[in-house]
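A structural walkthrough
Residues per chain, in single letters:
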Amino acid sequence: MWYRLAQWIIHRRVAILVSLAAITIVMGYYASKVELSYEFSKAIPLDNPKYQEYQAFRAVFGDEGNRMVVGMEGGRLYDSAVFSEMASLSKRLRTTDGVVEVLSIPDAVRLQKNEALEKFEPLPIFSIPVQSQQSLDSQRALLETFPFYSGRLYNPTTGAALLSVGLDKVRINSKERTTIIEGVQKEIQAFEEKTGVSVHLSGLPFIRTTLADRIRAEMNLFLIGSLLLSALTLLLFFRSFSAMFISLVVVAIGVIMSIGTMVLFGYKITILNALIPPLVVVIGVPNCVYFFNKYHSSFKETGDKQKAIVQMVGRMGIVTLFCNIAAAIGFAVFALTESALLKEFGAVAGINIMGLFFISLLLIPAVLSYLPPPKQRHVRYLNNKWMLALLLKVERWTFQRAKIIYGVTAVVLVFAIMGVAQLKSVGFIVDDLPKQDPVYVDLKWFETHFGGVMPLEVVIDTKKKNGLLRNKRTLQAMDDFTKVVEAHPSTAAPLSLLEALKFAKQSFYDGDPESYDLPYEGDLAFMGPYLSLKSSPGNTTPKNSLQQVVAGFMDSTRSKARMSINMKDIGTEQLPLFLDTLRKEANQIFDTAQYQVTFTGSSVTFLEGSRFIIQGLTESIFWAFLLITLCMLYLFRSLKIVLISLIPNIIPLFVTAGVMGWAGIPLKPSTVLIFSVALGIVIDVTIRFLINYKQELPHYNYHVKKTLIQTIHHTGISIIYTSLVLIAGFIIFALSDFGGTQALGWLTSLTLIIGTLTNLVLLPVLLAGMAKKRV
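Rules of the game
Residues numbered from 1 in each chain as written. Predicted model: local features only at pLDDT ≥ 70, side-chain atom pairs only at ≥ 80, totals over all residues. Heavy atoms only, no water. Patch = residues over 30% accessible without salt bridge, like charges linked within 9 Å, V, L, I, M, F, W, Y side chains within 5 Å. Areas by Shrake-Rupley, 256 points an atom, 1.4 Å probe, with all protein chains shown as cover. Salt bridge = Lys/Arg side-chain N within 4 Å of Asp/Glu carboxyl O. Helix = DSSP H or I, 4+ residues; strand = E, 2+ residues; numbered from the N terminus. Buried < 20%, exposed > 50% of the residue type's maximum accessible area, 1.4 Å probe, protein only. Pairing = 2+ DSSP bridges. Expected span 1.5 Å × (residues − 1). Axes fitted to C-alpha atoms, helices over the stretch in contact; angles between N-to-C directions. Contact = heavy atoms within 4.5 Å. Core = buried A, V, L, I, M, F, W, Y, C linked by side-chain atoms within 4.5 Å.

**Looking at a nonpolar patch on the surface**
Taken together, the side chains of Leu336, Phe622, Trp623, Leu626, Leu627, Leu630, Leu633, Leu639 and Leu643 make up a nonpolar region of the molecular surface, amounting to roughly 850 Å² of accessible area. Listed by contribution, the elements that provide at least two residues to the nonpolar patch are helix 21 (602-636) and helix 22 (639-663). Looking at the nonpolar patch element by element, the count peaks at six residues for helix 21. Relative to the helices and strands, Leu630 resides in helix 21.

**Some details on the pairing of strand 6 (residues 199-202)**
Neither face of strand 6 is open: one carries Val199 and Leu201, the other His200 and Ser202, and all of them are buried. Where strand 1 (residues 67-72) and strand 6 come together, four bridges link them in antiparallel fashion. Note that in strand 6 the partner of Gly71 across the bridge is His200.

**Some details on the pattern of salt bridges**
Side chains that differ in charge, positive against negative, can pair when their charged atoms come close. Within this structure, the stated rule accounts for 19 salt bridges. Between Arg92 and Glu187 there is a salt bridge, with its nearest N and O atoms 2.6 Å apart. Of this pair, Arg92 sits in helix 4 (residues 80-94) while Glu187 sits in helix 6 (residues 177-195), placing them 95 residues apart in sequence. Look at Arg92 and you get partly exposed, because its relative accessible area is 25%. Between Arg214 and Asp437 there is a salt bridge whose closest N-O contact spans 2.6 Å.

**Details of helix 16 (residues 472-487)**
Between the first and last C-alpha of helix 16 there are 23 Å, a value that for 16 residues agrees with the 22 Å anticipated at 1.5 Å per step. Regarding helix 16, the residues found buried are Thr474, Leu475, Ala477, Met478, Asp479, Phe481, Thr482 and Val485.

**Quick word on the sheet that holds strand 6**
Spatial strand order, 2-5-1-6: four strands in an open sheet with antiparallel pairing. Single-partner strands in this sheet number two, and they are strand 2 (99-103) and strand 6. Going from strand to strand, the sheet's axes swing by 20° on average, the running direction of each strand aside. Packed on one face of the sheet, helix 4 meets strand 1, strand 2 and strand 5 (161-167) and runs near 160° to strand 2. Packing against the sheet, helix 7 (residues 204-238) makes contact with strand 1, strand 5 and strand 6, and its axis sits at approximately 100° to strand 1.

**Overview of unusual backbone geometry**
Along the chain, Ile128 connects to Pro129 via a cis peptide bond; the corresponding omega equals 5°. Its place among the elements puts Pro129 in the loop between strand 4 (119-124) and helix 5 (133-143). Positive phi, normally seen in glycine, also occurs at Asn466, with a value near 60°. Of note, Asn466 is situated in the loop between strand 7 (454-461) and helix 15 (467-470). Non-glycine residue Arg558 carries a positive phi angle of around 55°. Within the secondary structure, Arg558 is located in the loop between helix 19 (546-551) and strand 9 (560-567).

**With respect to the pairing of strand 9**
Counting buried residues in strand 9 gives six out of eight residues, a clear majority hidden from the surface. As paired elements, strand 7 and strand 9 share eight bridges and run antiparallel to each other. Each bridged residue has a counterpart across the sheet, and for Glu457 the counterpart in strand 9 is Ser564.

**Digging into helix 4**
For an α-helix, the turn length of 3.6 residues means that residues three or four places apart are oriented alike. The terminal C-alpha atoms of helix 4, which comprises 15 residues, lie 21 Å apart, in line with the 21 Å expected from a rise of 1.5 Å per residue. Of all the residues in helix 4, the buried ones are Val82, Phe83, Glu85, Met86, Ala87, Leu89, Ser90 and Leu93. Elements in contact with the buried residues of helix 4: strand 1, strand 2, helix 5, strand 5 and helix 6.

**Examining the nonpolar core**
One finds Met72, Tyr149 and Phe481 to be the most contacted residues of the largest nonpolar core, which totals 250 residues. When residues in this core are grouped by element, the largest group, 16 residues, is from helix 23 (residues 669-696). Each residue touching Met72, except ones within four places of it in the same chain, is listed here: Leu77, Met86, Leu89, Ala160, Ala161, Leu163, Phe191, Val197, Ser198 and Trp445.

Below, the structure is given as C-alpha cells:
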C-alpha cells in the first residue's frame, strides 16, 4: 500500500503542492486573527461549583480583578513637593484612557454631618494644591485619626502609601489591555523620575497583562529560535540546503495551521497553547530527519532517485504514521479532561501533530521528485566514523554487558524513586517568574506592606430580603469574622459593609476615633437618615457619597454582603488549609441555618484551576499509556513485545520525576506537562526501533541477534540525530523567563537523553533476553 501511495504522490505532485499552498494561505489568514487570553478561570469546568459560585458573585458584585495598585516607599511622601506630585499623578491617572477610578491619600475624604439636611457631606482631608508644609502636616495628622484608611491607603508602621487604580472591566479583558496598562505605567514612571520616590506596581490586571505579553513575546522568540536551531542542526547533519529548506517548510506549514486551528475553533492563546507552535517545530523536524535518512540510505544502495523516494515512503510511511499517532495521543488525551484550558491544548496539539504527518508525507516526496539526486557529501553522514564506533559499542553492550546494563538501570531507578518520594505539588500565581523579576519583587513588597494583592471574596447570604441591616446579629457576626481574618498573617484587613458603617459612625460622632466601632441598633436608628439607604425618585447619588460605598458591598435586595480580602500568594499547598480554617471559623460564627457563607474570587478559582490542571494532566498520562499500548499491540500483535517496549519509556519518566524531587521542582501546571510531552516523543524512538526490528526479522530468518545488530546500526544513526534535533529544539525553552517553561526545556531534554539511551541500549538487551528465554 505504502509503495503504491509513493507512486501516487509523485504522479499527483503538482496538485498536491498547489493544494498545500492554498490550504496554507487560508490557514495563514485565520492565524493572523489570533488573540491572547487573560482568563485563568478557563482551567475550571463550567459545571464546577467553584466556577459557578465565582460567576454568581460576578453577576451580583461585578469583576473583582480589575484593580491595579501602585505602592510608594515612605519617607518623603509628605514632603510638600512630593505630595503635590502625588496629587497631580492621581489627577492625571483619572484622565488616562481605560481608567475609571483612582483612590489615593490626596483623594481621602472625611464625612461632615449636615444636621439640617440629615446627610453626610464628603469633604477632602487635604487641600490641593498644598498651601504649606505646616498645613500638610496637620492634614496628615487628621488623616491618621480615621482608622478606615490605615492599612488600606497607608501603612502606619513603614509609612508606605498605596494608590488604587480601577480599570474598565470590559476593556481590561480585551486586546486593549496592554495599551491601558502601558498608559498607567507611563504616568507612574514620570512621577518616579520627577520625585525620586521608589514605586511598585501590582494587582491582577497588571500581573496578567505582563505575563500574557511575555508569553506572546516568548512564543515568537522560541518559534524563531527553534526554527534556527533545527535548521542549523539539519544543515550540520545532511550538509544539504535543500533538505534543510524542505524541513523548514514542513514545520512552517505546521505552525501556520496550528495557529489557524486555534482561531477556527474559537480559541485564544493561553500560557499552555502558546507552547504548541514551538512544539510543532521540534516534533515536525524528526519526521523530516527520518524521511531524509531513509531517502539517503536507499539512494546510496540503489543509486536511483525514483526508487529511493518510493522506498522512503514505503518503509518510513507506516513508521512515521504510528510515531505521530503516539505523539498525538500524548497530547490529544488532554481533551479528555474536564479543564477547558487542557481541552483546547489537547485538541489543537493532537490535530496538528497528525497534520504534520500528512504534510511531511505529501510534501517531501513531491519536492524531492523535482530536485536533482543527492550528492556524495549529502550521504557522507551515513558513514560517520564516530557514530559507527558508538553504535558498535552499543552492539557489544547488548550482547556482552547485559548484567551491567540491568544493574545500572536498577541503581538509576532506586535513585529516581527516592527523588519521587520527595516530589511535592504546589503552585503560586507568579512562582514561574525568577525571584529577582520586578513583578515578583513588587508582589512581595505589597505582601510586606499591605498584606498582599490576591483577591479573596466572602459572600454572606442572610437568605432574607433586607436581612443585613434588620438583624443586629448579622453585623456582630461580620465583626467577629473580620477580627478572625485580621488576625491571620496571610491577609490584609477586610473591606466590607461593616467598615463603611464604622466609618459612618465615626463621622456621625464628629470624627472621634474611639467611635470607629460596630454600630449598634441605637446607632443605626440615629444614623439611618444620614446613610440615605432608601432611594427616592429623582435622587442623584454623588460619586463619592457613602451611599455608593455601602451599596457596593450589598446586593440590590440587601440580603447578601460582600467582604473583600487582599491576601498573600501563599500557594496551592497552604491555600486549601487557610480556606478550611476560615470556613470552620465562619461556621462557628454564622448560624448555618440562617446564613450561607461562600468563599470565592480569583484566589479560589486559581487554586481550583491548578488542581484541575494537575489532576487532568495526571489522568492524561494514564490514558496516553493505555491508548499507546493498544496502538502498539495492534502494530506488533505481541503482548510480550508491548510490555518490553513500555519499560524504556517508563524509566525516563521516573528519572525525570526523581530529578524534579531531588532538585526541589514541584508538580504544578507548567511542570506536569513535561511528562505527557516526553512520553509522546520518547515512544517515537521505541516505535521506530521495533518496527525496523520487525521489518528486518524475516530478512535474517528470524535470527534475533543478527536482526538486532542490523537494527541498532540501521536505526541508531537516525535515532541519535533525531534526538539531537529534539534536544536542540527543546533546550531553547530553558531561556524562558518562566520557571515552568525553563523546566520544560531542560527536563524534557534530559528525558530525551535517557529515552535515547534506554531505547538504544536497554531495549535491545530486553529483546535479546526474551529471545533466549524462548530458546
